[in-house]
Amino acid sequence: TRLVRDAAGRLNCYAHLLHEDAALPPALIAAADGFLAADPVSVTDKPRPPDGVARNDYVSIARYVHPGPDGHYVFRDGEHNPAAVRGRPEADAYDRFRLQTMIEAVTALALAQHFTADRRYGDHAVRFVRAWFIDAATRMTPHNRFAQIRPDRPSELATFGLIDFRDFWALADALRLLRQAGSLTEDDETTLVKWFRAFGDQLVKRTGGGASMHNNIGVYHDLLVASLAAYTDDRGVLATALARACLRVVVQVRPWGWQESETGRAAPLHYSLFALQGLTGLAWLGR
């Protein structure tokens, strides 16, 4: 806990890209310019929430569930439900790719402002941030209760739904950059810390089972919990998550690199690399 005392103010994802002699990544400005022309997105943009889901609740569909002949949904590993595929019209009923758009927009715009000192980028990034996290009419309620639901059982909690939020660890750095540049106000920052602390608390309490899963879900549970704790300066939570992450390497990865929990999947190479990406993120966060 003493070792992580400075985590809250430090970049944890992009520090290696933003050193003193860093060059502007070629594709970054093009991406940021595209987001400059886009309106902010919100969980309230979905046409009609499922029964039992409020408009400000985040909701997504489990990636590999499909309706069976009796109306109940069945799991078919590796076969994507169209509503869980970016760009498909069916996906508009859910919030998964609005969430991803927000994260990509805020991150690209914040980085563009850092490299160019053009405040247009930061100001527009803050519009996305306020729509998703701050403004009462459009903000997401801070829980993942309806992430990756089965439409026939929407009230059934899916522990693996936390995977939708795995890129919060990169988003946290974008928020730090916006604060350092003066684009986010002190009141904005206070509200954001409160939001992420509430989200992290429910993640540990409601979906704490993710911590005990010896697969990619467990990896991203630790990365998400640790990155949120670093942002909110909850040092005990951060220290615990990083200590547990060290043990994951021993439990989940054999000395020759095999990850048994991932190679039984329909796409074993994808899931092995996916879990390794999360472990690498945890190693970078805990460096």
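For the structure, see preceding data.
Cut-offs applied
- Residues numbered from 1 in each chain as written.
- Predicted model: local features only at pLDDT ≥ 70, side-chain atom pairs only at ≥ 80, totals over all residues.
- Heavy atoms only, no water.
- Helix = DSSP H or I, 4+ residues; strand = E, 2+ residues; numbered from the N terminus.
- Rg over C-alpha atoms; globule rule 2.2 N^0.38 Å.
- Buried < 20%, exposed > 50% of the residue type's maximum accessible area, 1.4 Å probe, protein only.
- Contact = heavy atoms within 4.5 Å.
- Areas by Shrake-Rupley, 256 points an atom, 1.4 Å probe, with all protein chains shown as cover.
- Lys, Arg positive; Asp, Glu negative; His and termini not counted.
- Charge placed at Lys NZ, Arg CZ, Asp CG, Glu CD.
- Axes fitted to C-alpha atoms, helices over the stretch in contact; angles between N-to-C directions.
- Parallel < 35°, antiparallel > 145°, perpendicular 65-115°, else oblique.
- Left-handed = near helix turned anticlockwise from the far one by under 90°.
- Nonpolar A, V, L, I, M, F, W, Y, C, P; charged D, E, K, R; others polar.

Enquirer: Describe the overall build of the protein, with residues and values.
Expert: Within the protein one finds nine helices and four strands. Helices and strands appear in the protein in the N-to-C order α-β-β-β-α-α-β-α-α-α-α-α-α. The C-alpha radius of gyration computed for the protein amounts to 19 Å, which stays within 12% of the reference 19 Å derived for 287 residues, consistent with globular compactness. Counting across all 287 residues of the protein, residues that qualify as buried make up 48%. Restricting to contacts in the protein with at least 6 residues of sequence separation, those with at least 24 account for 70%. Total accessible area on the protein stands at roughly 13500 Å², and carbon and sulfur atoms take up 56% of it. For the protein, the distance from the average position of its 33 positive side-chain charges to the average position of its 33 negative side-chain charges is 4 Å.

Enquirer: How would you summarise unusual backbone geometry if you had to cite specific residues and measurements?
Expert: One non-glycine residue, A117, lies in the positive phi region at around 60 degrees. Looking at the secondary structure, you find A117 in the loop between helix 2 (96-116) and helix 3 (119-134). In the Ramachandran plot, D233 falls in the positive-phi region, its phi being about 65 degrees despite a non-glycine side chain. Within the element layout of this structure, D233 appears in the loop between helix 6 (216-232) and helix 7 (235-252). We classify D233 as partly exposed; its relative accessible area is 31%.

Enquirer: Give a detailed account of the packing of helix 4 (residues 168-180) against helix 6, specifying residues and quantitative values.
Expert: Two elements in contact, helix 4 and helix 6, have axes whose closest approach is 9 Å; the angle formed by their N-to-C orientations is 15 degrees. Taken together, the axis directions place helix 4 and helix 6 in an arrangement best described as roughly parallel. Classified by chirality, the crossing of helix 6 by helix 4 is left-handed. Of the residues in helix 6, those in contact with F168, W169, A172, L175 and R176 of helix 4 are L223, L224, S227, L228, A230 and Y231. Residues of the contact of helix 4 with helix 6, tallied by class, amount to nine nonpolar, one polar and one charged.

Don't take any of this as a statement about function, it's just geometry.
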